[in-house]
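What the coordinates show
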Amino acid sequence: MQATVPKARAARKPRAAVVRCLLTVLLVLAGSFATGAAPASAHVLPTSIVQLDVREDVIEARVNLPLDDLESATGIDLGDQTSETVKAHAVEITSYLLAHFAPTSDTGQAWAVTVGELSVTEAGSAATTGIYKELQTTFTLTPPAGSNARSFNLGYDIIVNQVVTHVVLVSVGSDWSGGVVTGAYQLGTIRLDTASGVVSSLHVDLGQGSNTSGFLSMVALGIHHIQDGTDHQLFLLTLLVPAPLLAVRRRWSGPAPVKRAVRRITGITLAFTVGHSLTLALATLGFPVTAAPIEALIAVSILIAAVHAIRPLFAGKEVLVAGFFGLIHGLAFSETLRELNLTGTQLGLSLLGFNLGIEAMQLFVVAVVLPPLVLLARAGIYRRLREGAALLAAVAAAGWLAARLGFPNVVASAADNLGGASMLIVGVLWVAAIVLFLGQRRRVGESTTSERALMALRQ
Amino acid sequence: MCQAAAAGGSSDWRGRRVSTFDGQLPFGPLTGYPQFRESPGTVSIRTLVDMTTPDSPSLSRRTLLGSLPVFGLFALAACSSPSTSTPTATASTTPAPSSAAASASATASATGSTTAAGTVAQLAQSFQATLGTDLQSQLLQDYSLANAKLWSNLPQALLSGGMGGGPGGGGGSGPRIGLNLADLNESQLSAFNTLLAAATGSAKGLGYDEVQQHLNADEYLGANGGGNDYGRSGYYIAFLGSPADTGTWEFQFGGHHLAVANTYKNGVLAGATPSFRGIEPNSAFDYNGTTNQPMAAKEAAFAALLAGLTTDQQATAKLSKTYSDLLLGPGQDWAFPTTKEGLQVSKLSSEQKKLVLAAIAGYANDIADDDAATILRRYENELDGTYVAYSGTTALTQQNDYIRIDGPSVWIEFSMQRGIVLSGNHPHSLWRDRNTDYGGTKD
């Protein structure tokens, strides 16, 4: 009996992948898209879990095996089931594992298989499976030269060859060229067919893979990253809030001419982009980064931007500041990329795609938020709006800073969820701006005294 | 502690004369497996099987006990005959079915339907009549295979929460449907118990008695580390279709480690499976002043069956594979192996065959006494084409110990597994029928 992958996935074609990715991009940009893949179904009797990470040249199979069942299957007595005991029996265990994991290409050629270090971890939950120990290791599967590495027989019957009630869940953790960079999906199960008494063999069909789908999935990932990264958005927006204003004697005063405001906004956005692109590339290509201080510095950057939005700290030098903090935000972006363990062409294309995704989402945010801000800057209420927004950003930043320095707090978790309200905020901004704009037009028509505002708009 | 048996032996609570405890017991809760082994147990088990047939000579229990002291070793006598009562016997815990029966017979006439008095369908209607519209609408469900498949070994919380079971060791098709046992008031519960007793039979240590001990076990489990996901509030009652003497309906009752699935067609039991029994804790425990060990009778019969085989027979019966759970658990419907494995019962001596039949009776007697007799007759006729197979040790007490009885119709599996909430091992077991699972409904 052959288990096959779900039809939709097996039938995937490059063009379909492109269309789907573009569709994803659109959906993400519309902001109406929730991320996250469904979790693999939980199980009550401990199961084996095989997760495939499809790399450029090889497939890595991360495997978790319940030790009780492994003992039953091999007849090896692992006693206390500690790491030491398992390592003492490493040779026997390894030879059993390799005898029961032998992928073959569709034309019948054997793949090369090696197994990594064996370790023991605790798994399960007290309420369902009970707590049990499992063996964890990673196999490296190398396809024979010239064979299709995306369609093969998994040739896996570890434990199920003997413990016939055992179930193996097989999933794909990541598959760059298949467009899967986050969100594992289940491929199938390996278990006894009770009627025939035969253990099913799993045929893996990853569908067509291409650099295009890998690249597009990285663009989507970049978009998601900014969409979910409330802190990045907040920094840029907070920096842009006072951009349409003139700084006079260490205070924000009336609106700057529109052309100047637009130029400043463009400059800030561009500088931020250049900054984070630089460090993203450097860090992804190997520049060492420690995550914790970077995350804290990002909170500091928002705090500084918020203060600046209330009282000008670096008026006229916003572009420099944006560039500098861009460097720090870029280091944070690199975390995501490095977690994917990519190499070669895939890494290069990923860097580009991910950065473009970040850019696209950033520009989208700026394009959506800035026009109403520029309009509102001409209104009397802008001061209160600006100071209120800056204060909110400052509070969020302070919460994040505390959380990232090791003091989890409600402010930080509330701020993490700000993203959910972003569409509402943008909507309110637009409505307010439009109401104001229409009101001014009518007053101008009635030759009221708001000519200054109108003039400013026409500049 | 003996009132249940006493009442069962003397009353006529279903409105007609039925075989009562005296004639029905395959065996009671045992004081311990070693005693079973020491006894020439086959004699008593033969007798027990015979007695499940209603038209067999009406051997009174008392006569038997007098003539077969062997019963003392089974500790059966504890609850049925004062003269042989042994204080060590594990106890029944149940409210006397007779008290519930009194109220049921009172409501029976009130229902005034065409349903024959005293039948499961009529008792089901009586129970339904005690409920308000809300509870009735929860109770009454459509008859369909999809609904019939909503049983599982898992606690309800694990089926409806974020942990929906997958295939294999647990799960099933989805959370149970129906009315929560804990939502019944006293008189509703009494009517339900009357129905349950009629549907699951009066065999001591099996059927209704076992289910009551089972509910105690889950309460015990909840109070000893399991938490709120365990206990009576995790058990559900559903009528799939309308209980009546015509048409098809199923009486479904289940929760953690329990599935009762009686399908009736035109007033006749068309199938009593899939019937799941598992238990944690498996060893005897005290609950509200009574001692419980719900699956003791079933386990003893299996162990006696394997112990009764010769070394050669055991070797033939032994499976080469390892079984960490049941093969045909929830969700594995109509997936019986096409080839039977193990030792063919036709090769056994008549004494050994009785042991096989006694092990089967441990499940068949989980239903109404006369229905059980009918089913057992069918299984007895098919005995020669039935196979016994096991894996692990013959004591059936160790993790991965496993036994299966696979016949032309009967399919019984028992699997010993590690403890989940408590430290001792705990069993899962399942009775299916290759022809009458879900009353024969396949789609």
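In every chain, residue numbers begin from 1 and rise along the written sequence. Chains and ligands are labelled sequentially in the order written, the chains with letters from A and the ligands with numbers from 1. Side-chain atom pairs in this predicted model are given and counted only at pLDDT of 80 or more, local residue features only at pLDDT of at least 70, and totals for whole chains, interfaces and linings cover all residues.

1. Let's talk about the overall build of chain A
Numbering of helices and strands runs from the N terminus; a helix is a DSSP stretch of H or I covering at least four residues, while a strand is a stretch of E covering at least two. Each helix and strand counted, chain A has 15 helices and 15 strands in total. Looking at chain A residue by residue over its 459 residues, the buried ones come to 41%. We call two residues in contact when their backbone-placed C-beta atoms lie within 7 Å. Considering only residue pairs separated by 6 or more positions, chain A has 75% of its internal contacts joining residues 24 or more positions apart. Working definition of burial: number of other C-beta atoms within 10 Å of the residue's own, with buried at 20 or more, exposed at 12 or fewer, and partly exposed in between, all C-beta atoms being placed from the backbone.

2. Points about the overall build of chain B
Along the backbone of chain B there are 18 helices and 14 strands. Taken over 443 residues, chain B has a buried fraction of 58%. Residue pairs at least 24 apart in sequence account for 68% of intrachain contacts in chain B once pairs closer than 6 positions are excluded.

3. So, the domain arrangement of chain A
All names here are of chain A. Domain boundaries shown here were taken from an automatic or database domain assignment. Taken as a whole, chain A is organised into domain 1 (47–209) and domain 2 (213–447). Look at where the C-alpha atoms of domain 1 and domain 2 centre, and you get two points 44 Å apart. On the side of domain 2, 11 residues touch domain 1, which itself brings 10 residues to the contact. Across the side of domain 1 that touches domain 2, the residue classes break down as three nonpolar, six polar and one charged. The nonpolar class holds Ala, Val, Leu, Ile, Met, Phe, Trp, Tyr, Cys and Pro. Asp, Glu, Lys and Arg form the charged class, and all remaining residues, Gly among them, are polar.

4. What about the environment of Thr-194 of chain B?
By secondary structure assignment, the location of Thr-194 of chain B is in helix H13 (residues 186–200). A sequence separation of 99 residues divides Thr-194 of chain B from Gln-293 of chain B, and the C-alpha atoms of the two residues are 22 Å apart.

5. A look at the pairing of strand S12 (residues 402–406) of chain B
Residues and elements named next belong to chain B. The buried fraction of S12 amounts to five of the five residues, a majority that puts the element mostly inside the structure. Here, any two strands with at least 2 DSSP bridges between them count as paired. Alignment of strand S11 (residues 387–391) against S12, held across five bridges, turns out to be antiparallel. Counted as the bridge partner of Ala-389 is Arg-404 from S12. Relative to strand S13 (residues 410–417), S12 is paired through five bridges, and the arrangement is antiparallel. Bridging across to S13, Ile-405 finds its partner in Ile-412. Linking S12 to S13, which pair antiparallel, is a turn of three residues.

6. Here we look at the packing of helix H17 (residues 350–364) of chain B against helix H18 (residues 369–381) of chain B
Residues and elements named next belong to chain B. Close contact between H17 and H18 brings their axes to 10 Å; oriented N to C, the two are set at 145°. In terms of crossing hand, the pair formed by H17 and H18 is right-handed. Packed against H17, whose contacting residues are Leu-357, Ile-360, Ala-361 and Ala-364, the element H18 presents Ala-372, Ile-375, Leu-376, Tyr-379 and Glu-380 at the interface. For the contact of H17 with H18, a count of residues per class yields eight nonpolar, no polar and one charged. Inter-axis angles, ranging from 0 to 180 degrees, are taken between N-to-C directions of lines fitted to C-alpha atoms, where helices are fitted over the stretch in contact. Rotating anticlockwise by less than a right angle from the far helix to the near helix defines a left-handed crossing, while the corresponding clockwise rotation defines a right-handed one.

7. Remarks on the confidence of the model for chain A
A residue's pLDDT is simply how confident the predictor is in it, with values from 0 to 100. Per-residue pLDDT for chain A has a mean of 82; in total, 86% of the residues score no lower than 70. Averaged pLDDT values for the elements of chain A fall to 37 in helix H1 (residues 7–10) of chain A and rise to 96 in strand S5 (residues 112–115) of chain A.

8. Side note on the nonpolar core
As used here, a nonpolar core is made of buried Ala, Val, Leu, Ile, Met, Phe, Trp, Tyr and Cys residues. They are joined through C-beta atoms within 7 Å. In terms of nonpolar packing, the biggest core is built from 207 residues, with Ile-302 of chain A together with Val-120, Leu-195, Val-356 and Ile-360 of chain B touching the most fellow members. Both domains that furnish three or more residues to this core are identified here as domain 1 (47–209) and domain 2 (213–447) of chain A. Not counting chain neighbours up to four residues away, the residues in contact with Val-356 of chain B comprise Leu-305, Val-345, Leu-348, Leu-383, Thr-386, Val-388 and Ile-405 of chain B.

9. A few points about the environment of Asn-341 of chain A
Residues and elements named next belong to chain A. Take Asn-341: it is sitting in the loop between helix H10 (318–339) and helix H11 (344–376). Asn-341 sits in the partly exposed class, given 13 other C-beta atoms within 10 Å. In this structure the C-alpha to C-alpha distance between Asn-341 and Leu-206, which are 135 residues apart in sequence, comes to 19 Å.

10. Brief notes about helix H14 (residues 207–226) of chain B
Taking 1.5 Å as the rise per residue, H14 of chain B with 20 residues should run 28 Å; its terminal C-alpha atoms sit only 25 Å apart, a clear shortfall. Note on H14 of chain B: the residue one or two positions beyond its end, Gly-227 of chain B, has a positive phi of about 80°. Each residue after the first adds 1.5 Å to the expected span of a helix.

11. Some thoughts on unusual backbone geometry
Residues and elements named next belong to chain B. Cis geometry is adopted by the peptide bond preceding Pro-274, which originates at Thr-273 and carries an omega value of 0°. Considering the arrangement of structural elements, one finds Pro-274 in the loop between strand S6 (268–271) and strand S7 (275–278). Pro-281 follows Glu-280 through a cis peptide bond whose omega is 5°. Within the element layout of this structure, Pro-281 appears in the loop between S7 and strand S8 (285–287). Even without being glycine, Asn-288 reaches a positive phi, approximately 45°. Position of Asn-288 relative to the elements: it lies in the loop between S8 and strand S9 (290–292). Under the C-beta neighbour-count criterion, Asn-288 is labelled exposed, with 9 such atoms within 10 Å. One non-glycine residue, Leu-396, lies in the positive phi region at around 60°.

12. Here we look at the pairing of strand S4 (residues 248–255) of chain B
All names here are of chain B. Burial of S4 is extensive: seven of the eight residues sit out of reach of the surface. Alignment of strand S3 (residues 236–240) against S4, held across five bridges, turns out to be antiparallel. In the sheet register, Ile-237 faces S4, and the bridge partner there is Phe-253. When S4 meets strand S5 (residues 258–265), the two strands line up antiparallel, connected through eight bridges. Across the sheet, Gly-255 pairs through a bridge with Leu-258, a residue of S5. Between S4 and S5, which pair antiparallel one after the other, the connecting turn spans two residues, and His-257 there sits at a positive phi close to 65°.

13. Structural notes on the confidence of the model for chain B
Close inspection of predicted coordinates is inappropriate for parts of the model with low pLDDT. Residue and element names in this part refer to chain B. The predicted model of chain B averages 78 in pLDDT, with 71% of residues at 70 or higher. When the criterion is pLDDT under 50, residues 1–113 qualifies, and its contacts beyond four places in sequence or with other chains add up to 227 contacts. pLDDT under 50 marks residues 162–170. Its contacts with residues more than four places away, or in other chains, come to 40 contacts. For this predicted complex, the interface confidence score (ipTM) comes to 0.72, while the overall pTM stands at 0.71.

14. Section: the packing of helix H8 (residues 258–284) of chain A against H11 of chain A
Residue and element names in this part refer to chain A. Following both chains from N to C, one finds H8 and H11 inclined at 160°, their axes separated by 11 Å at the closest point. Classified by the angle between their axes, H8 and H11 sit roughly antiparallel to one another. Considering how the two elements wind past one another, H8 and H11 form a crossing that is right-handed. In this structure, H8 contributes Val-258, Ala-261, Ile-265, Thr-269, Thr-273, Ser-277, Leu-280, Ala-281 and Thr-284 to the contact, and H11 contributes Leu-351, Asn-355, Glu-359, Gln-362, Val-366, Leu-370 and Val-374. Here the residues of the contact of H8 with H11 are counted per class, giving nine nonpolar, six polar and one charged. Any angle that is under 35 degrees is reported as roughly parallel, and any over 145 degrees as roughly antiparallel; angles of 65 to 115 degrees are reported as roughly perpendicular and all others as oblique.

15. A closer look at helix H7 (residues 230–240) of chain A
The element H7 of chain A is largely enclosed, with a buried count of 11 among its 11 residues. Turning to H7 of chain A, its buried residues number three or more, namely Thr-230, Asp-231, His-232, Gln-233, Leu-234, Phe-235, Leu-236, Leu-237, Thr-238, Leu-239 and Leu-240 of chain A.

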